[in-house]
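Geometric and topological summary
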Amino acid sequence: LVRHGLGYVAATRLPNWPRLRNLIPTGNLDGPERLRDVLEELGGTFIKLGQMLALQPDVLPFAYCNALFDLLDRVAAFDVNKVRKVFDEELGRAPEQIFENFSESPIATASIGQVHIGYIDGRKLVVKIQRPQVDTEFMGDIRLMTTALGMIKRLHLSALYWLIEPIGEFVAWTREELDYRHEARYMEQLRQNASENSRERIPLVYWQYSTRRLLVLEYFDGVTLIDCLRVMENGNPAVKSRLEDMGFDPNQFARNIID
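Let me begin by describing the structure that accompanies this report. (Residues numbered from 1 in each chain as written. Predicted model: local features only at pLDDT ≥ 70, side-chain atom pairs only at ≥ 80, totals over all residues. Heavy atoms only, no water.)

On inspection of all chains with the given rule, the structure shows five aromatic pairs. Ring centres 6.4 Å apart and planes at 45° place the aromatic pair F99 and Y209 in the tilted group. With F99 in the loop between helix 7 (95-98) and strand 1 (101-102) and Y209 in the loop between helix 10 (180-193) and strand 5 (214-218), this pair connects stretches of sequence that are 110 residues apart. Its relative accessible area of 16% is what places Y209 among the buried residues. Of the aromatic side chains, those joined through ring pairs into one cluster are F87, F99, F102 and Y209. Across from the ring centre of F220, 4.1 Å away, lies the NZ or CZ of R201, which sits over that ring. (Phe/Tyr/Trp six-rings, centres within 6.5 Å; stacked < 30°, edge-to-face > 60°. Helix = DSSP H or I, 4+ residues; strand = E, 2+ residues; numbered from the N terminus. Buried < 20%, exposed > 50% of the residue type's maximum accessible area, 1.4 Å probe, protein only. Lys NZ or Arg CZ within 6 Å of the ring centre and 35° of its normal.)

Structure representation (structure tokens):
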């Protein structure tokens, strides 16, 4: 925080002294990039907070939301040996003993876990694995956030009141998200609710391989909502072409989500 604070001061107070500004770490980052870097370097719960803020343009300007998008699926991955350790602790077996083929490189990474691909009986599956020690780290961060909210209220720091509602909500559902079994139960209920809806599909949960720290699901091939938002912002030609080939209608897509 001190390092980025100095960088912020350099960027705003030393615009006519580029050489001096360049000597200060992070001195050339703009506001959105700086916020993303701060949250990613703080790690753990703060990355999760950044993910939530990325989806709340009512709280942050669009430029900041767009900068935080990468925290949704492009956080630094953890080592495959730690992946094997989680499997051993949760199921007593290595992933190679469960899956016919298991990708060592993740296809997506986030604050609580990362996603790998596995195959069973020729079926392609999503394998979501929780980061080691994440529950301990998150609970410590949650205590810090709760303390910070208390200080904001007691000191009547009105400029920071906007933080109270999103962080309070964040703390409540993060406690639950640290146990993948909650997510699995919700998905199973949603799958039942959507059984007669042709526009909604929920992946099947493989309960025999799902635990508090592991979640194995049916794999759906497609373009993610994050990819769609990135196309709107950056115009990625490959994803844009794929959406056009699929006959993707953004207005109908939005209506489906609202329905």
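Tallied over the full model, the rule gives zero disulfides. No disulfide involves C65; its sulfur sits 17 Å from the nearest other cysteine sulfur, which is in C228. We classify C65 as buried; its relative accessible area is 2%. Take C228: its relative accessible area is 9%, and that puts it in the buried class. (Disulfide = S-S within 2.5 Å.)

A few words now on the pairing of strand 4 (residues 123-130). Taken together, the eight bridges between strand 3 (residues 113-120) and strand 4 define a ladder with antiparallel strand orientation. Across the sheet, residue Y119 finds its bridge partner in strand 4, namely K124. Counting the residues between successive antiparallel strands, the hairpin from strand 3 to strand 4 contains two residues, one of them, D121, with a positive phi of roughly 55°. Judged from the five bridges that link them, strand 4 and strand 5 form a sheet pairing that is antiparallel. Along strand 5, the bridge assignment pairs I129 with L214. (Pairing = 2+ DSSP bridges.)

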